[in-house]
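Given next are the chains, with one letter for each unit.
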Amino acid sequence: MKRALSLLVALAMFAMTLSACAGNQSSPTTQPAAPAATEKPESAPADSGNSGNSETADPVVLKMYLLGEKSKDFDAVYDKINEIMKAKINATVEASFLSWAEHDTKYSLLFSGNEDFDLIFTAATWGHYETTVALGGFYPLSFDFIKQYAPDIYEVVPPVAWDQAEIGGSIYMVPQYNNEFTNDAYAVRGDLMEKYGYSTISGFDQLTEFFSKLAAGESGVSPRGNIQGGMIYEYFQKEGYSTLPGTPKEFFLYKSMDVSDTSINYLLEWDKFEEYCYLMKDFYEQGFWSKDSLASMDQRQDGLLRGTSATMAWNLGSCKTYATEANLAHPDWNVTLVDIIPDIPKQVSSYINNGMAINANSKNKERAMMALNLFYTDKEIHDLAFYGIEGVHWKAIGDDAYSTTDRTGDYGISANCNWAWNNMNINRDEYIENPTPADIKFQEILDSWNGNIRGEHPLDGFSFDKASVTNELALIDSLVAQYYTPLLSGMVDDVPKAIAELKKQVENAGIQKVHDEFKAQVAAHIAAQS
């Protein structure tokens, strides 16, 4: 049962100064740490007792899966991490990556194929959390287990975060601890903005107006490159909606900008869905994204960095990271940042938007938890995992700040999926002695967002338990590539016909049962809150 304290803590958290990161797949931007919650279900022991005892007598290699792409210097950094981890818990980590393009198809296969591994990144909704819990893939984490093998994590993570991670009375992930914005931003080629008469861009309509001019006037540079899925999240945000955590793709929405509205909307019957599909068809036909987008393996930033896309969309922190990288390689591009919904209050994501889980079949569950404790709270390991090797990839400015070097891009800042163990109590802020225009724009947008945070919606902390509809969801997922993604991307000949066919297919797959289960769980969630 959810603890009554969670609502009070959540309200307090939203009143604090929050930091930026959106979503679905994000690297965070930190602000000064908010105080952790003072109440816990029980008090934790002062010392984990992990060093020098029989539980760490035998050396182990922990196999870990992360999402994204491994950076150039990842192995060199993790060699350093493993030296420290070996000395502290007699364990080393062997990390593998599931790319952004492949994790949707390969993640579940790790479990169904009984892959031998110990740790894996997970996240609510987009990062396979609810689905994998329903399949029995994650090891349930009791508070006794957490306190024994990761006492420092137990002291840091607030009760509201554990509450958000709870499914069916159990916790299956260690949530990250950082306040993150869910809203997308854009990194945009400033030289092309100037060429087409824009000193700034503020708003979805002005952005797509710029895209139209760009698509008509440029050869070899498209507005969005090889994007898949059109601009569905930007459209949701513009209209004041968000997806419900645990939703299969984007099929169930709630009106997140209206905290008094707790109704849920089925996407294919949403009154704005057909309008969206026609709009994306128009954008595709104008050339906003390429004709071979559906077959592309591009990462979000690839087109921008190689000069074939004028923009990239992601969370604000990632946009800043890749804008900086692009500008270092091509100063004449003058990549800047854009808030496409400047007038709408900004939403802060739940703590389970990023996290780590232990494989239920791991042979090293205790040592895996000890390793997470180090990643999460050991300052030396945390610095290495977030920033790379000090003096090579970054320079320390005191105990709580860093500056970049000419090798920063070889490892990255808040890259390599390290946001899984984000801990704003020990994260560093970037020190910029001579800020670039992109740095100034980043801070301007961040300050604006921090000053315009929307209140908590009753459905923000909802997480769907998929256990009773796993078969239906598996069938629905199998239809996405053929019927759903082309429609979202505007790549269909007849919009009404394509919507009707998609409806028919998902109805045959059991979407009504999923819809009914969503409604029942949402009703129970609301009742429990009141």
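About the thresholds
Residues numbered from 1 in each chain as written. Predicted model: local features only at pLDDT ≥ 70, side-chain atom pairs only at ≥ 80, totals over all residues. Heavy atoms only, no water. Pairing = 2+ DSSP bridges. Helix = DSSP H or I, 4+ residues; strand = E, 2+ residues; numbered from the N terminus. Axes fitted to C-alpha atoms, helices over the stretch in contact; angles between N-to-C directions. Contact = heavy atoms within 4.5 Å. pLDDT = per-residue confidence, 0-100. Parallel < 35°, antiparallel > 145°, perpendicular 65-115°, else oblique. Left-handed = near helix turned anticlockwise from the far one by under 90°. Nonpolar A, V, L, I, M, F, W, Y, C, P; charged D, E, K, R; others polar.

*Asks:* Give a description of the sheet that holds strand 11 (residues 311-314) that names residues and reports values.
*Replies:* Taken in spatial order, the three strands of this open sheet run 11-7-12, and their pairing is antiparallel. Looking at which strands have only one partner, the edges of the open sheet turn out to be strand 11 and strand 12 (336-338). The sheet shows a mean angle of 25° between the axes of neighbouring strands, direction not considered. Sheet topology note: the strand 7 (residues 185-188)/strand 11 ladder contains four bridges and is antiparallel. By the bridge assignment, Tyr186 is partnered in strand 11 with Ala313. In the packing of helix 16 (residues 437-450) onto the sheet, contacts are made with strand 7 and strand 12, and the angle to strand 12 comes to roughly 20°.

*Asks:* Hey, could you go over the confidence of the model for the protein chain for me, with residue numbers and the actual values?
*Replies:* This prediction gives the protein chain a mean pLDDT of 88; 90% of its residues lie at or above 70. Scored below 50 in pLDDT, residues 1-52 shows 151 contacts in the model against residues more than four places distant or in partner chains.

*Asks:* Can you explain the sheet that holds strand 15 (residues 401-404)? Please cite residues and give values.
*Replies:* Adjacent strands of a sheet pair through backbone hydrogen bonds, lying either parallel or antiparallel. A sheet is described by the order of its strands in space; here three strands give the open sequence 14-15-16, paired in mixed fashion. Lying at the two open borders of the sheet, with one neighbouring strand each, are strand 14 (394-397) and strand 16 (429-430). As paired elements, strand 15 and strand 16 share two bridges and run parallel to each other. Paired with Tyr402 across the two strands is Glu430, which belongs to strand 16.

*Asks:* Could you give an account of the packing of helix 2 (residues 74-89) against helix 14 (residues 365-377), naming the residues involved and the relevant values?
*Replies:* It is the contact of helix 2 with helix 14, at a shortest axis distance of 11 Å, that shows an interaxial angle of 120°. When the axes of helix 2 and helix 14 are compared, the pair comes out oblique. Both helix 2 and helix 14 take part in a crossing whose hand is right-handed. Between helix 2, through Tyr78, Ile81, Met85, Lys88 and Ile89, and helix 14, the contact on the second element is made entirely by Arg367, Met370, Ala371, Leu374 and Phe375. Class assignment for the residues of the contact of helix 2 with helix 14 results in eight nonpolar, no polar and two charged.

*Asks:* So what about the packing of helix 11 (residues 273-286) against helix 18 (residues 495-509)? Which residues, and what values?
*Replies:* It is the contact of helix 11 with helix 18, at a shortest axis distance of 10 Å, that shows an interaxial angle of 125°. What the angle tells us is that helix 11 and helix 18 run oblique. Helix 18 is crossed by helix 11, and the crossing has right-handed handedness. Between helix 11 and helix 18, the contacting residues are Phe273, Glu274, Cys277, Tyr278 and Lys281 on the first element and Val495, Pro496 and Ile499 on the second.

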